[in-house]
Amino acid sequence: MQPEPFIRLESYSLVLPQSNIDTDQIIPARFLTTTSREGLGKSAFYDWRYTGEDVPKNATPFPVEGAGERKILVAGANFGCGSSREHAPWALLDYGFRAVISSDIADIFKSNALKNGLLPVEIDRNTHAKLMEQSGIRILIDLERCMIETEHGLRAEFAVEPFARRCLLDGVDPLGHILAFESAIAAFEAAR
Amino acid sequence: MTDTARPRSLFDKLWDAHVVVPESEDSPAILFIDLHLVHEVTSPQAFAMLEERGLAVRRPDLTQATLDHSTPTLPAGADGRLPYATEAAEKQVRQLEENCARHGIDLLGLDDPRRGIVHVVGPELGLTQPGKTIVCGDSHTSTHGAFGALAFGIGTTEVGHVLATQCLLQRKPKSMRIDFAGELAPGVGAKDMALAMIAQIGADGGQGYAVEFAGAAVKALSMEGRMTLCNMAIEAGARVGMVAPDETTYAYLQGREHAPRGKAWEAAVERWRALPSEPDAVFDSEVRVDAAAIRPMITFGVSPDAAAPAGGRVPIPATADEREANHYMRFTPDRPFAEMAVNRVFIGSCTNSRLSDLREAAEIMRGRRVAEGITALVVPGSQAIRRAAEAEGLDTVFLEAGAEWRLPGCSMCIAMNGDQGAPGDLVVSTSNRNFVGRQGKDVRTVLAGPATAAACAIAGHIVDPWDYLNGEAACAA
């Protein structure tokens with residue numbers, strides 16, 4: 001399945017100041033017994049959003065109905081650490097997020113997110129600290145220029161692995177890319 | 001291009017030997033995968049992707065599946081049905097059975113005497129070998145690096161890529177060597193080394209690096225210990241942890257089901273001997289850990305880097321995150337850890353469910369009783385470990401101490417098979433993650449090695465296992 005292309009996103013932020021937010025927080029393991037990737041938004045940050053079974057918490061940063069106009073998640077350092085579950089980006093996307101901004105994002109999560117059209121944006125610590133100070137500000141993420149800009153004029157560059165960027169901008173299919181090297185793979189196998 | 005004159009590390013050699021198409025500015029390398037391990041949780045959507053695109057599994061012969069995450073650890077009931085946590089869990093197991101049957105993949109099914117946790121059975125069957133690239137849709141795939149393999153966890157989309165092409169798109173990570181200098185004190189194990197190392201470099205200290213563990217203390221570890229250490233590399237943020245293969249590695253592998261035999265064995269060992277890092281190999285980062293200073297460790301927070309000696313006191317939190325973690329864990333700063341009462345103990349998981357781990361725990365439990373009110377769960381990593389433990393009477397030791405002896409599986413590590421703590425419980429666990437809610441909603445997890453976990457079960461509170469070991473030494477004297 002090809003992710004939605006990602007070129008520019010202008011939306012509001014939702015800030016989670018905690019660092020080391022692991023994929024068990026993003027989607028608890030008890031929701032992993034699914035065999036499809038649909039409908040996981042309900043389980044996104046489930047234990048942050050609900051007390052017990054489906055009773056929304058009073059104090060939670062998350063709107064019950066989904067991300068709405070706050071499609072940009074801003075979180076503390078080492079976001080997405082822990083389990084390799086791709087259910088984490090599936091859940092965030094289904095909830096309505098399209099991008100995550102942090103000072104650093106865990107390797108496997110970053111790779112999983114990019115493959116599904118959830119843009120992981122790693123920015124310098126100073127700008128990150130400023131974004132963390134205020135939730136709900138308008139941010140423009142421009143993948144063509146690899147630049148974020150806030151409504152208050154804050155700007156920061158970010159880097160995205162060039163191939164993953166091309167996949168998102170131009171709709172390149174990574175599996176198709178590997179399949180195109182079939183003869184090289186066969187030759188490699190034969191030479192062993 | 002690789003400069004052939006440059007002394008290469010183990011990691012460089014493993015990487016270079018598997019590049020099908022080199023990386024460029026535009027594209028990552030296409031890396032060939034020698035062994036793909038599959039389990040029920042992260043594969044259903046990958047198989048569905050193959051179906052959607054009409055693709056076959058390219059190399060079923062290099063793919064091994066097992067059931068571990070969603071499988072019950074209690075036996076079938078009177079009706080012959082296994083006590084699955086949910087219908088969805090059972091469906092997930094059936095789905096993997098169907099997918100493997102359809103694509104000709106060998107599955108260690110529910111009745112297979114070789115079934116077990118994916119990172120336990122790979123080595124046990126001799127599938128895990130030096131020099132291989134090994135991937136699995138599970139972050140603890142780093143475990144297999146203990147054999148001098150390049151092994152790392154991947155996501156479900158990548159599971160689909162490997163099923164379809166036996167290859168992965170990868171950029172070469174930077175390299176880090178973590179040198180454990182000196183000898184471990186008696187009663188200190190690989191889990192204590194791992195926790196001390198993560199406390200030193202942080203939960204993101206290895207981010208972006210492939211880590212090689214080296215030094216006298218690593219060299220002295222058994223294969224089981226090396227697996228424990230590499231297993232925890234991911235908890236330091238590194239996707240890859242590895243140890244150079246040596247005589248310990250070869251002795252472990254020889255004679256195992258999938259290990260080469262006869263002349264092929266000799267040839268393989270000769271190849272493997274060329275793998276270790278050259279003396280002048282350059283790493284992007286070097287870290288030194290003082291092995292002799294390590295004491296039996298526990299964690300006190302909600303990230304594996306919040307670790308300290310079990311015999312010590314709760315550190316005073318310095319940041320808002322640390323204060324919040326303390327609040328969740330209900331640990332009082334500057335009080336002895338020994339004041340913390342324990343509700344449950346879990347001995348198992350791909351970190352610490354091997355025979356040597358069970359022996360270590362049994363050594364503490366032998367002739368003693370689990371404290372009143374504590375549930376202690378002992379879950380072997382595989383059917384083979386279960387049989388071996390029973391053959392030497394470890395099951396009797398656990399049962400007589402009042403612990404439960406279960407069937408193999410991931411169990412309370414990920415807590416998705418029904419084995420979990422009750423809200424508010426303090427669980428001392430030999431698993432790898434102390435994240436909020438990891439072992440059940442509002443459950444508080446303390447990570448420790450098998451000896452420490454067993455000692456906590458006996459004491460009823462957090463304790464330094466040395467209290468028990470020294471007691472024994474005193475009795476013997």
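Criteria and thresholds
Residues numbered from 1 in each chain as written. Chains lettered and ligands numbered in written order. Predicted model: local features only at pLDDT ≥ 70, side-chain atom pairs only at ≥ 80, totals over all residues. Heavy atoms only, no water. UniProt positions renumbered as here; feature names shortened; annotations may be inferred. 1 Å grid on protein atoms, 1.4 Å probe; cavity = no way out; pocket = protein on both sides within 12 Å on 5 of 7 lines; lining within 4 Å. Helix = DSSP H or I, 4+ residues; strand = E, 2+ residues; numbered from the N terminus. Buried < 20%, exposed > 50% of the residue type's maximum accessible area, 1.4 Å probe, protein only. Contact = heavy atoms within 4.5 Å. Buried area = accessible area lost by both parts, 1.4 Å probe. Salt bridge = Lys/Arg side-chain N within 4 Å of Asp/Glu carboxyl O. Polar contact = N/O pair within 3.5 Å; in protein donor to acceptor, adjacent residues only side chain to side chain. Nonpolar A, V, L, I, M, F, W, Y, C, P; charged D, E, K, R; others polar. Pairing = 2+ DSSP bridges. Axes fitted to C-alpha atoms, helices over the stretch in contact; angles between N-to-C directions.

Colleague: Is there a simple way to think about the UniProt feature "binding site: [4Fe-4S] cluster" (unreviewed entry) in chain B in this case?
Modeller: Residue and element names in this part refer to chain B. Sites flagged by UniProt as "binding site: [4Fe-4S] cluster" (unreviewed entry) map to Cys350, Cys410 and Cys413. These annotated residues cover 64 residues of sequence, but their C-alpha atoms sit close together, with the largest distance between any two at 8.6 Å. Residues that both appear in the annotated list above and line the largest cavity are Cys350, Cys410 and Cys413. Its location among the elements puts Cys410 in the loop between β17 (404-405) and β18 (426-429). On the accessibility criterion, Cys410 (8% relative accessible area) is buried. Residue contacts for Cys410: discarding those within four places in its chain leaves Asp68, His69, Ile117 and Phe346. Note on placement: Cys413 falls in the loop between β17 and β18.

Colleague: What exactly am I supposed to notice about the interface of chain B and chain A here?
Modeller: Note: interface size is frequently given as the accessible area lost on complex formation between the parts. Taken together, the contact between chain B and chain A spans 60 residues of the former and 57 residues of the latter. Buried area between chain B and chain A, both sides added, is near 4,700 Å², and the carbon and sulfur share of it is 54%. For the interface between chain B and chain A, the tally reads nine salt bridges. Where Arg53(B) meets Asp173(A), a salt bridge forms, and the shortest distance between an N and an O atom there is 2.5 Å. In this structure, the connection of chain B to chain A is made through 24 residue pairs in polar contact (both at pLDDT 80 or more). Elements represented by at least two residues in the side of chain B that touches chain A include exactly β1 (19-21), β2 (29-32), α2 (44-53), α3 (87-103), α5 (156-165), β8 (167-170) and α11 (320-329) of chain B. Per-element tally for the side of chain B that touches chain A: the top contributor is α5(B), with six residues. Here the side of chain B that touches chain A is composed, by residue class, of 23 nonpolar, 19 polar and 18 charged.

Colleague: Help me understand the sheet that holds strand β16 (residues 375-378) of chain B in this model?
Modeller: Whenever strands of a sheet pair, they do so through backbone hydrogen bonds, lying parallel or antiparallel. Residues and elements named next belong to chain B. Pairing in this open sheet of five strands is parallel, and the strands run β17-β16-β15-β18-β19 from one edge to the other. Strands with a single pairing partner mark the edges of an open sheet, and in this sheet they are β17 and β19 (444-447). In this sheet, β18 lies alongside strand β15 (residues 344-347) in parallel orientation, the contact comprising three bridges. From the neighbouring strand, Arg344 faces β18, where its bridge partner is Val427. Contacting β15, β16 and β18, helix α15 (residues 450-459) runs over the sheet at an angle of about 150° to β15.

Colleague: Would you take a moment to explain the pairing of β2(B) for this structure?
Modeller: Here is the key point about a regular strand: its side chains alternate between the two faces of the sheet. Residues and elements named next belong to chain B. The alternating pattern of β2 places Ala29 and Leu31 and Ile30 and Phe32 on opposite faces, both of which are buried. The sheet contact formed by β1 and β2 spans two bridges and is antiparallel. By the bridge assignment, Val21 is partnered in β2 with Ile30. Across four bridges, the pairing between β2 and β8 is antiparallel. For Ile30, the partnering residue across the bridge sits in β8 and is Leu169.

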